[in-house]
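Architecture and fold: a report
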Amino acid sequence: WERLALLRARAAAGDAALGAGAIRIAEIAAYESPTDPRTVAEEIHRLRGRMERENSQERRGRYDLKLGRGGLVDVEFAVQILQLRYGRDPRVRTPQTGVAIRALEVSGYLAPEHAEALRDGYAFLRKLEQRIRILHGAAAQLLEENAPGLYTLARRMGLRDRRGSEAGAELVARYLAVTERVRATYDAILSAEMS
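Below: a short report on this structure. Here the residue numbers are simple positions, counted from 1 along each chain's written sequence. Two thresholds apply to this predicted model, a pLDDT of at least 70 for residue-level local features and 80 or more for giving and counting side-chain atom pairs, whereas whole-chain, interface and lining totals are computed over all residues. By convention in this description, side-chain values take in all heavy atoms of the structure and omit both hydrogens and water.

**Concerning the pattern of salt bridges**
For the record, the criterion: Here a salt bridge means any side-chain nitrogen of Lys or Arg lying within 4 Å of a carboxyl oxygen belonging to Asp or Glu. By the criteria applied, helices consist of DSSP H or I runs no shorter than four residues and strands consist of E runs no shorter than two, each listed in order from the N terminus. Burial classes: relative accessible area under 20% of the type maximum marks a residue as buried, over 50% as exposed, and values in between as partly exposed (1.4 Å probe, protein chains only).
As enumerated under the stated definition, the model contains 17 salt bridges in all. Its salt-bridge partner being Arg46, residue Glu43 comes within 2.6 Å of it at the nearest N-O pair. Here Glu43 and its partner Arg46 are both found in helix 3 (residues 37-55), three residues apart, which amounts to about one turn of the helix. Classification of Glu43 as partly exposed rests on a relative accessible area of 35%. Asp120 is paired through a salt bridge with Arg181; the nearest N and O atoms lie 3.5 Å apart. Placement of the pair is Asp120 in helix 6 (residues 112-136) and Arg181 in helix 8 (residues 164-194), with a sequence separation of 61 residues. Overlapping salt bridges, with partners in common, bring together Arg48, Glu52, Asp74 and Arg183 in one network.

Next comes the structure, spelled out in structure tokens:
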């Protein structure tokens, strides 16, 4: 868990040399510590399962963009597992998920079809998260079927040529298709790492 947090480390302010030194220490701890890839994958998968079971706010008709099945955490953990596995290669060392997906793909560590699923899923879920934030004026990570603002949210996601209930239903259907694809990709990456 701590190593995953170090993958996201970045210097934000202060002395540049001190920040670079701190990032170098974080990189050594995250990427260069000897570990069994299978053990890392198993532990991350265990943590992911707990987060989904204990912290996700999903239930029938309500979906959690971040912690739910096929959500943002599935994308981030799949990418971070591969970063930990191949982190001795400096090309994959980045705290940005989108950049890491591309680096892992270009470096040959992530199959193109998996990279596409993660990249598309990440982009869709981030866009949806941002549109929900704009719509509600606050951070939110839930998508609910038949919620009063679903039609407005669907329009903000580009579904403008449909009636209210149709647009809302299509948005939910797209969400479910995206998250199913993300989860299948997460499972495939974890399966490969644990075998």
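**Digging into the environment of Arg53**
Within the secondary structure, Arg53 sits in helix 3. Put simply, Arg53 and Arg102 are 49 residues apart on the chain and 30 Å apart in space, counted from C-alpha to C-alpha.

**Some points on the packing of helix 3 against helix 4 (residues 72-86)**
What counts here: Axes here refer to lines fitted to C-alpha atoms; in helices the fit is confined to the stretch in contact. Angles between the N-to-C directions go from 0 to 180 degrees. Angles are sorted into four bins: roughly parallel if under 35 degrees, roughly antiparallel if over 145, roughly perpendicular if 65 to 115, and oblique for all others. For any pair of crossing helices, the crossing counts as left-handed if the nearer helix is rotated counterclockwise from the farther one by less than a right angle, and right-handed if it is rotated clockwise. Contacts: residue pairs with any heavy atoms within 4.5 Å of one another. Under the convention adopted here, Pro, Cys and the residues Ala, Val, Leu, Ile, Met, Phe, Trp and Tyr are nonpolar, Asp, Glu, Lys and Arg are charged, and Gly plus all remaining residues are polar.
With their axes 10 Å apart at the nearest point, helix 3 and helix 4 run at an angle of 165° to one another. The angle between helix 3 and helix 4 places the two elements in the roughly antiparallel class. Of the two elements, helix 3 crosses helix 4, and the hand of that crossing is right-handed. Contact with helix 3, carried on its side by Pro37, Val40, Ile44, Arg48 and Met51, involves Val73, Asp74, Phe77, Ile81, Leu84 and Arg85 of helix 4 and no other residues of that element. Residues of the contact of helix 3 with helix 4, tallied by class, amount to eight nonpolar, no polar and three charged.

**Details of the packing of aromatic side chains**
Operational definition: Note on ring pairs: Phe, Tyr and Trp rings are taken, using the six-membered ring of Trp, and paired if centres are within 6.5 Å. Classes follow the plane angle, with under 30 degrees stacked, over 60 edge-to-face and the rest tilted.
Taken as a whole and judged by the stated rule, the model has two aromatic pairs. Relative to Tyr175, the ring of Tyr63 has its centre 5.4 Å away and its plane inclined at 40°; by these criteria the two rings are tilted. With Tyr63 in strand 1 (residues 62-64) and Tyr175 in helix 8, this pair connects stretches of sequence that are 112 residues apart. The class of Tyr63 is buried, set by a relative accessible area of 12%. Their ring planes at 10° and their centres at 4.1 Å tell us that Tyr86 and Tyr109 sit as a pair that is stacked. Here Tyr109 lies in the loop between helix 5 (97-106) and helix 6 and Tyr86 lies in helix 4, a separation of 23 residues in the sequence.

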